[in-house]
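Secondary and tertiary structure notes
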Amino acid sequence: MHDDTTPSTSDVAIAFIEQMGLLTEDVGMPRIAGRIMGLFLIDETPMDLVGIADRLQVSHGSVSTNTRLLESLGVIERVTVPGDRRVRFRLGLDPAGQFLERELQRQHRLGALVRSTLDALPPEASGRANLEKMLAFHAIKTRRSSEMLAEWAAHLGAQDRRTSRTMRGMPETPGPTQ
């Protein structure tokens, strides 16, 4: 039963969506991207651009721009309904795993860049010690991120991933690489 001192589900959802916006803004992403992510985390209903804009009370252009960003990051995915030309979006199958996998790829590229720079620099070059520290830090970060990704994949379980994707009417695809 709901009384005046207990927040409604709607109040909780609104607060969550707003806080997701602020948190993503803290890491350099647009606030609206975080709000869209929050909306799909708390409401599993596929929505088109107009529906998202109306729910969040923001411009359609902002929703369009930020859904493209979130789709490119694997946070949300496009879905269609037979007989309806509108494209809808919903939360991706594994946005956390997708995020971690992309971060791991960036770490590998950064490590390769720093390693090739160190290899090209003479031993007495200014800044070499900074690059060596950076390489050591990213080696640890890459190893831990790889371990985390493997643990996450084990947590989800390969069978759960296939069942979840098949139940949502999507083709089976392999999980994150390890």
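So, a few notes on the structure that sits alongside this text.

Thresholds, definitions, all that
- Residues numbered from 1 in each chain as written.
- Predicted model: local features only at pLDDT ≥ 70, side-chain atom pairs only at ≥ 80, totals over all residues.
- Heavy atoms only, no water.
- Salt bridge = Lys/Arg side-chain N within 4 Å of Asp/Glu carboxyl O.
- Helix = DSSP H or I, 4+ residues; strand = E, 2+ residues; numbered from the N terminus.
- Buried < 20%, exposed > 50% of the residue type's maximum accessible area, 1.4 Å probe, protein only.
- Pairing = 2+ DSSP bridges.

1. Here's the deal with the pattern of salt bridges
It is possible for side chains of opposite charge to pair when their charged atoms get near one another. Taken as a whole and assessed by the stated rule, the structure comprises 13 salt bridges. Between Asp43 and Arg55 there is a salt bridge whose closest N-O contact spans 2.7 Å. In this pair, Asp43 sits in the loop between α2 (31–42) and β1 (47–48) while Arg55 sits in helix α3 (residues 49–56), placing the two residues twelve residues apart along the sequence. Judged by its relative accessible area of 44%, Arg55 falls in the partly exposed class. Notably, a salt bridge pairs Glu103 with Arg106, separated by 2.8 Å at the nearest N-O pair. Note that Glu103 and Arg106 are positioned in helix α5 (residues 95–120) at a spacing of three residues, about one turn of the helix. By relative accessible area, which is 19% here, Glu103 ends up buried. Salt bridges here are not isolated pairs; linked through shared partners, they connect Asp48, Asp84, Arg86 and Arg88.

2. Some thoughts on the pairing of strand β2 (residues 76–81)
Of the pairings in the sheet, the one linking β2 to strand β3 (residues 84–91) comprises five bridges and is antiparallel in character. The partner of Val79 across the bridge, within β3, is Arg88. As consecutive antiparallel partners, β2 and β3 are separated by two residues, and within that stretch Gly83 has a phi angle of approximately 85 degrees, a positive value.

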